[in-house]
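Residue-level structure breakdown
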Amino acid sequence: MKIESIKQELIEGTEIILTRVTLNQVNNSCILSRLMIDTLGKPGIDNDLQLLGSGSQWEVVWTEPKLTIEQTREIISQALAPSV
């Protein structure tokens, strides 16, 4: 799995920032889900994580936790890195 892009946008009419991470070369969406839960916490408790996609391209979208683009890049990169 590889990060294709990381974007943040302000939700119109609010002060809420939406983070959108696009991943490609996703071989298994179940593994992606587990990696994101391990990284960001449990959806509905620690975050409002949503996974959108099919095949080898997926988007991970959330507003909580609030992270900068650099923080996001760092934690997602660590999550996707193979265990040593």
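Scroll up to find the structure.
Quick caveat: nothing in here was measured; it's all calculated off a predicted structure.

**Quick notes on the overall build of the chain**
- A tally of regular secondary structure across the chain gives two helices and four strands.
- Listing the helices and strands of the chain from first to last along the sequence gives β-β-α-β-β-α.
- Computed over its C-alpha atoms, the radius of gyration of the chain comes to 12 Å, within 12% of the 12 Å expected for a compact globule of 84 residues.
- In the chain, of all internal contacts separated by at least 6 residues, the share reaching a separation of at least 24 is 50%.
- For the chain, the exposed area adds up to about 5,500 Å²; of that, 51% sits on carbon and sulfur atoms.

**Examining the pattern of salt bridges**
- Summed over the entire model, instances satisfying the criterion amount to four salt bridges.
- When the shortest N-O distance is used, the salt bridge between arginine 34 and aspartate 38 registers 3.4 Å. Taken together, the positions of arginine 34 and aspartate 38, both in helix α1 (residues 29–40) and four residues apart, correspond to about one turn of that helix.
- With a closest N to O distance of 2.3 Å, glutamate 64 and lysine 66 form a salt bridge.

**Overview of the pairing of strand β2 (residues 17–24)**
- Note: strand β1 (residues 2–10) against β2, eight bridges, orientation antiparallel. From the neighbouring strand, isoleucine 6 faces β2, where its bridge partner is valine 21.
- The antiparallel pairing of β1 with β2 creates a hairpin that spans six residues between the two strands, and glycine 13 there sits at a positive phi of about 80°.
- By the bridge criterion, five bridges tie β2 to strand β4 (residues 57–62) in an arrangement that is antiparallel. For leucine 23, the partnering residue across the bridge sits in β4 and is tryptophan 58.

Cut-offs and rules
- Numbering of residues begins from 1 in every chain and follows the order in which that chain's sequence is written.
- Only residues with pLDDT of 70 or above have their local features reported here, since the model is predicted, and side-chain atom pairs are shown and tallied only from 80 upward, although totals for entire chains, interfaces and linings are computed over all residues.
- Side-chain measures were taken over the full set of non-hydrogen atoms in the model, leaving aside hydrogen atoms and water.
- Helix and strand definitions follow DSSP, with helices as H or I runs of at least four residues and strands as E runs of at least two, each counted in order from the N terminus.
- We compute the radius of gyration from the C-alpha atoms alone; for a globule the expected value is 2.2 Å times N to the 0.38, where N is the number of residues.
- Any two residues whose heavy atoms approach within 4.5 Å are treated as being in contact.
- Using the Shrake-Rupley algorithm and a 1.4 Å probe, accessible areas are obtained, with residue cover drawn only from the displayed protein chains.
- What counts as a salt bridge is simple: a side-chain nitrogen of Lys or Arg found within 4 Å of a carboxyl oxygen of Asp or Glu.
- Only strands that DSSP links by at least two bridges are regarded as paired with each other.

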